[in-house]
Amino acid sequence: MLRPLLLPGLLLLALPGPLHGVEPDEILADPAMEARARDLGRELRCLVCQNQSIEDSDAPLARDLRVILRQRIEAGDSDEAAVDWIVERYGDYVLLKPPLRGDTAMLWGAPLVALAAGALVVAFALRRNRHAGKGDGP
């Protein structure tokens with residue numbers, strides 16, 4: 001009777017649990033500074049995970065960036081200065097929303113190019129199917 005539930009139960013246990021990026025030892029004592037750090041960290045990309053912010057990632061590099069960001073804030077840097085310090089060392093790619101410039105145009109344009117290419121493939125496939133049905137009649 002329990003046998004059918006065994007495999008789904010084991011699969012649920014094998015799923016990873018929720019990930020928490022920020023470790024307790026990284027949290028700043030001042031709640032206002034910690035809130036600033038978390039807001040800024042949500043704008044910075046984990047260079048290992050690439051689609052997560054450094055606040056959400058458990059990667060060692062993301063931890064290093066969180067620590068650096070918090071150190072810059074504790075040192076009295078403004079939000080812009082703290083982020084600029086990290087961008088200067090890692091480039092615009094570390095930003096989840098990089099500025100639109102000539103050297104970052106590919107980051108912004110690639111999704112549009114992929115969407116247009118997909119639309120063309122679908123259009124050609126539909127056109128070929130319509131023409132294939134008209135040609136060979138009895």
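Computed from a predicted structure; not experimentally measured.

> Before we go on, may I ask you to explain the packing of helix H2 (residues 31-41) against helix H3 (residues 60-74) in this structure?
When two helices pack together, their arrangement is captured by the angle between the axes and the distance separating the axes. For the pair H2 and H3, the least separation of the axes is 10 Å and the interaxial angle reads 135°. Compared by their axis directions, H2 and H3 come out oblique. The handedness of the crossing between H2 and H3 comes out as right-handed. Contact residues: H2 offers Met-33, Glu-34, Arg-36, Ala-37, Arg-38, Leu-40 and Gly-41, while H3 offers Leu-69, Arg-70, Ile-73 and Glu-74. Residue composition of the contact of H2 with H3, by class: five nonpolar, one polar and five charged.

> What is the right way to look at the packing of aromatic side chains in this model?
Given two aromatic rings, one states the distance between the centres and the angle between the planes to describe the pair. Within this structure, the stated rule accounts for zero aromatic pairs. It is Arg-45 that lies over the ring of Tyr-93; its NZ or CZ is 4.5 Å from the centre. Against the face of Trp-85 rests Arg-89, its NZ or CZ located 3.7 Å from the ring centre.

> Is there a simple way to explain the side chain of Asp-92 in this structure?
Along the polypeptide, Asp-92 turns up in the loop between helix H4 (79-90) and helix H5 (105-135). What makes Asp-92 buried here is its relative accessible area of 15%.

> Whenever I open this one, the nonpolar core confuses me. Can you help?
Most often, soluble globular proteins keep nonpolar side chains buried together rather than apart. In terms of nonpolar packing, the biggest core is built from 18 residues, with Leu-44, Leu-69, Ile-73, Ile-86 and Val-94 touching the most fellow members. Looking at this core, the elements with two or more residues in it are H2, H3 and H4. Sequence-distant contacts of Leu-44, that is, excluding residues within four places in its chain, are made with Gln-52, Ser-53, Ile-54, Leu-69, Val-83, Ile-86, Val-94, Leu-95 and Leu-96.

> Just to check I follow, could you spell out the confidence of the model for the protein chain for this structure?
The predicted coordinates should not be examined in detail at positions where pLDDT is low. With 78% of its residues at a pLDDT of 70 or more, the protein chain has an overall mean of 82. Looking across the protein chain, the model is least confident in helix H1 (residues 3-14), with a mean pLDDT of 62, and most confident in H4, with 94.

> What's the story with the pattern of salt bridges in this structure? I'm lost.
Oppositely charged side chains may form a pair once their charged atoms are brought near each other. Counting across every chain of the model gives seven salt bridges. Close ionic contact of Arg-38 with Glu-34 constitutes a salt bridge, the shortest N to O distance being 2.9 Å. With Arg-38 and Glu-34 both in helix H2 and four residues apart, this pair spans about one turn of that helix. The class of Arg-38 is partly exposed, set by a relative accessible area of 26%. Residue Glu-34 is classed as buried on the basis of its relative accessible area of 6%. The partner of Arg-70 in a salt bridge is Glu-55, with the nearest N and O atoms 3.2 Å apart. Taken together, the residues Arg-70 in helix H3 and Glu-55 in the loop between H2 and H3 connect sequence positions 15 residues apart. Taking relative accessible area as the criterion, Arg-70 reaches 2% and is therefore assigned buried. Residue class for Glu-55 comes out buried when judged on its relative accessible area of 5%. Each of Glu-34, Arg-38, Glu-55 and Arg-70 takes part in one network of salt bridges that share partners.

Rules and cut-offs
Residues numbered from 1 in each chain as written. Predicted model: local features only at pLDDT ≥ 70, side-chain atom pairs only at ≥ 80, totals over all residues. Heavy atoms only, no water. Axes fitted to C-alpha atoms, helices over the stretch in contact; angles between N-to-C directions. Helix = DSSP H or I, 4+ residues; strand = E, 2+ residues; numbered from the N terminus. Parallel < 35°, antiparallel > 145°, perpendicular 65-115°, else oblique. Left-handed = near helix turned anticlockwise from the far one by under 90°. Contact = heavy atoms within 4.5 Å. Nonpolar A, V, L, I, M, F, W, Y, C, P; charged D, E, K, R; others polar. Phe/Tyr/Trp six-rings, centres within 6.5 Å; stacked < 30°, edge-to-face > 60°. Lys NZ or Arg CZ within 6 Å of the ring centre and 35° of its normal. Buried < 20%, exposed > 50% of the residue type's maximum accessible area, 1.4 Å probe, protein only. Core = buried A, V, L, I, M, F, W, Y, C linked by side-chain atoms within 4.5 Å. pLDDT = per-residue confidence, 0-100. Salt bridge = Lys/Arg side-chain N within 4 Å of Asp/Glu carboxyl O.

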